[in-house]
Amino acid sequence: APDSSASYLDRLNAAQRAAVEHGLDGSAGPLLVIAGAGSGKTNTLAHRVAHLIVRGADPRRILLMTFSRRAAAELARRVERIAGRALAGRPDAVSGALTWSGTFHAIGARVLREYCGAIGLDERFTIHDREDSADLMSLVRHELGFSKTESRFPAKGTCLAIYSRTVNSQTPLATVLRDVFPWCAMWEKELRALFSAYVEAKQAQGVLDYDDLLLYWAQMMAEPALAADLGGRFDHVLVDEYQDTNRLQASILLALRPDGAGVTVVGDDAQAIYSFRAATVRNILDFPTAFAPPARVLTLEQNYRSTGAVLAAANAVIGLAAERFTKNLWSERETGAPPALVAVRDEAVQADYVAAEVLANREAGLRLKDQAVLFRTSSHSGPLEIELTRRNIPFVKFGGLKFLDAAHVKDLLAVLRLAANPRDRIAGFRVLQLLPGVGASTAARVLDSLATAADPGAAIAAFTPPARAAEHWPAFSGLMTRLIAGQSPWPAEIEAARLWYEPHLERIHEDAALRRADLVQLEQIATGAPSRERFLTDLTLDPPDATSEAVPPGRDEDYLVLSTIHSAKGQEWKSVFVLNVVDGCMPSDLGVGSSAEIEEERRLLYVAMTRAKDTLKLVVPQRFYTSGQAARGDRHVYAVRSRFIPDRLAGFFAREAWPIASPEAATAARPDAPRIDIGARMRAMWT
Ligand code: ATP
Ligand code: MG
């Protein structure tokens, strides 16, 4: 039998070890580990899962949920490494055995696919990403005539945001409008009609959107027999980053294990940064009493990630938060250099500075992979991306434009989606309108006939297109008939679709050659997927963040990480740069409506700072380019350092300026140096 003092346990501190060994000698009641950044929560979770497996738990009966596919894969890898060593004689017991790990949404999609018979769902359902959802919302809105009669009716994206918020927070529409979208409150009646028609359209077409994956799953769990059936398939349910779950997710967890047996969640209320998606920090704060037996609550107090100086500054920043449950952490690591506030003239110089520093760090022995550049909004890295490209510094960007947002990638996927579900009108419109001579009305006629046909393949073959579309029709209908009938085995199917699509790609896009490379990548991803359905689901739910991530650079390749702060959650690097630490960006202009929003922006800065192990540079451009405010137009404004680092915290930071200027110039560039001396001017008026 494995030794309970297995060597991996010796690496843990007492509180971590208590979490790992919780409830092993009997049935484990609910457990909450709530602690600050870098205290080893995720590491503890990995050890707990590994330990459960080493002690004989069946990995196929462990459900492990995280916030991104990347995080899930990383966690599973860690579990396999830890347990694999302890079970060296039985590698098959661990490797690839954690079959139920993923995001809430991905697990939801899988559960719904398995239980569709029991809940009256067509098993061929396809999943809409946000853009598809917005397109369908727009289509429905158009059909209801709201877009024509009232030009001031909220845009499709706003409608979708209101809908999503209402559904995910399980709050009445009127309340959501009043609290979050007051400028749309006058449209309550119309929005209600719109959402009702939107739901009907989704059902008629056999499509689910992101929110439906949780909503349907939660509804399914409200049926005791189904909840018991699904819950009975797991002995342990573990969730990382629990502070960023919403009410639906909490209700699913509760229904899975009503007595909380085998439930472990870990998180940090100071890192709650997803309330704009209806996540609520109440979930983690209410967890201790959410189950019939109250949960055991463990806190971790030692930070293993950051140097003393980095940790002190991060603690100071979050120390100014209005409310917080987790306590400050301490670190045994060396003090290290204080984080720097680096003044630069503007964003162009900021890009120059970061690129130069990254290279200097590499000269000093850091790999590019040990460094990351974080920013509030994806667009903030634009100038830096140009600079890195100019200097030939390889990078990967997370949280930016997704691979799937590219039109040509969406086109090809739409072909597969239409084959999987011929009632999916958004996919159908997209594909059909690629054909010269096919407009919206012809497309609608084709889709109508597909929706009602017993054999959609035959329906498409029998359709007579208008003469102007006749040239390209046979190739299309031949392809669709074959795909719908499942005549090409997966993944040959995607190649058939690509070969059909390529002439259209060349006709539509001037840069077809570049785009064709993406399609080849897509085909490579497809080869790794067991079926069309899994390929479409995985890709839609958790698309690769960047084109370059779709097929990640080789193991040996070195690259710099560029990431939004949201996408950097849970990760760490030796050296971290944070761009645009100025008011307007942090907090964002878009996030200063309420004090709750400002607090969330403060937590974002805390998340960014706590990603750093050794060095942290917060860059403060003195001038900043704002855009988007239509009324004011795009313009440069003088920026001020983020209000989250007020003067009284100055002692935690070092001041730097770049480029390092002559002594006089440096004084002039110091962020706090007065730009003009009004006092002197006033005095001069009288002399
Ligand atoms: P976050 O809140 O940012 O997600 P976390 O609490 O999940 O952070 P981890 O990522 O698990 O923290 O751990 C942070 C770092 O500390 C990792 O590099 C991890 O390997 C290390 N670490 C955790 N526990 C220990 C320990 N007992 N001894 C040594 N190193 C540890
Ligand atoms: Mg973590």
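A quick note: this is a predicted structure, and the numbers were derived from the prediction, not measured. (Residues numbered from 1 in each chain as written. Chains lettered and ligands numbered in written order. Predicted model: local features only at pLDDT ≥ 70, side-chain atom pairs only at ≥ 80, totals over all residues.)

Points about the site of ligand 1
If you check the shell around ligand 1, you find 18 residues, and the closest are Gly40, Lys41, Thr42, Asn43 and Tyr304. Ranked by residues supplied to the shell around ligand 1, first place goes to helix 3 (residues 41-54) with three residues. The class makeup of the residues in the shell around ligand 1 is three nonpolar, ten polar and five charged. (Near = placed C-beta within 6 Å. Helix = DSSP H or I, 4+ residues; strand = E, 2+ residues; numbered from the N terminus. Nonpolar A, V, L, I, M, F, W, Y, C, P; charged D, E, K, R; others polar.)

Focus: the nonpolar core
Of all hydrophobic cores here, the largest spans 134 residues; its most connected members are Val49, Trp217, Val342, Val373 and Val619. Beyond its immediate stretch of four places on either side in the chain, Val342 contacts Tyr353, Lys617, Leu618, Val619, Val620, Glu656 and Trp658. Residues Val140, Cys159, Leu194 and Phe535 belong to the second largest nonpolar core, which totals 55 residues. (Core = buried A, V, L, I, M, F, W, Y, C linked by C-beta atoms within 7 Å. Buried ≥ 20, exposed ≤ 12 C-beta atoms within 10 Å, placed from the backbone. Contact = placed C-beta atoms within 7 Å.)

As for the sheet that holds strand 15 (residues 573-578)
Across the sheet, seven strands lie side by side as 13-14-12-15-16-11-19; this open sheet has parallel pairing. Bordering the open sheet on either side are strand 13 (395-398) and strand 19 (654-657), each of which pairs with just one other strand. Pairwise comparison of adjacent strand axes, ignoring direction, gives a mean angle of 20° for this sheet. (Pairing = 2+ DSSP bridges. Axes fitted to C-alpha atoms, helices over the stretch in contact; angles between N-to-C directions.)

Some points on the confidence of the model for the chain
Residues shown with low pLDDT carry predicted positions that ought not to be read at fine detail. On average, residues of the chain carry a pLDDT of 88, and 89% of them reach 70 or more. Note on residues 628-633: pLDDT under 50 across the span, and zero contacts to partners over four residues away in sequence or across chains. Taken together, the stretch residues 665-671 has pLDDT below 50 and engages in twelve contacts with residues farther than four places along the chain or on a different chain. Across the whole predicted complex the pTM is 0.85, and at the interface the ipTM reaches 0.99. (pLDDT = per-residue confidence, 0-100.)

Details of the UniProt feature "binding site: ATP" (unreviewed entry) in the chain
Those residues carrying the UniProt feature "binding site: ATP" (unreviewed entry) are Ala35, Gly36, Ala37, Gly38, Ser39, Gly40, Lys41 and Thr42 in this numbering. Tracing the chain through its elements places Gly36 in the loop between strand 1 (31-34) and helix 3. With 27 C-beta atoms counted inside 10 Å, the residue Gly36 sits in the buried group. Here Ser39 lies in the loop between strand 1 and helix 3. Apart from the residues within four sequence positions on either side, Ser39 is in contact with Leu300, Glu301, Gln302, Asn303 and Leu329. (UniProt positions renumbered as here; feature names shortened; annotations may be inferred.)

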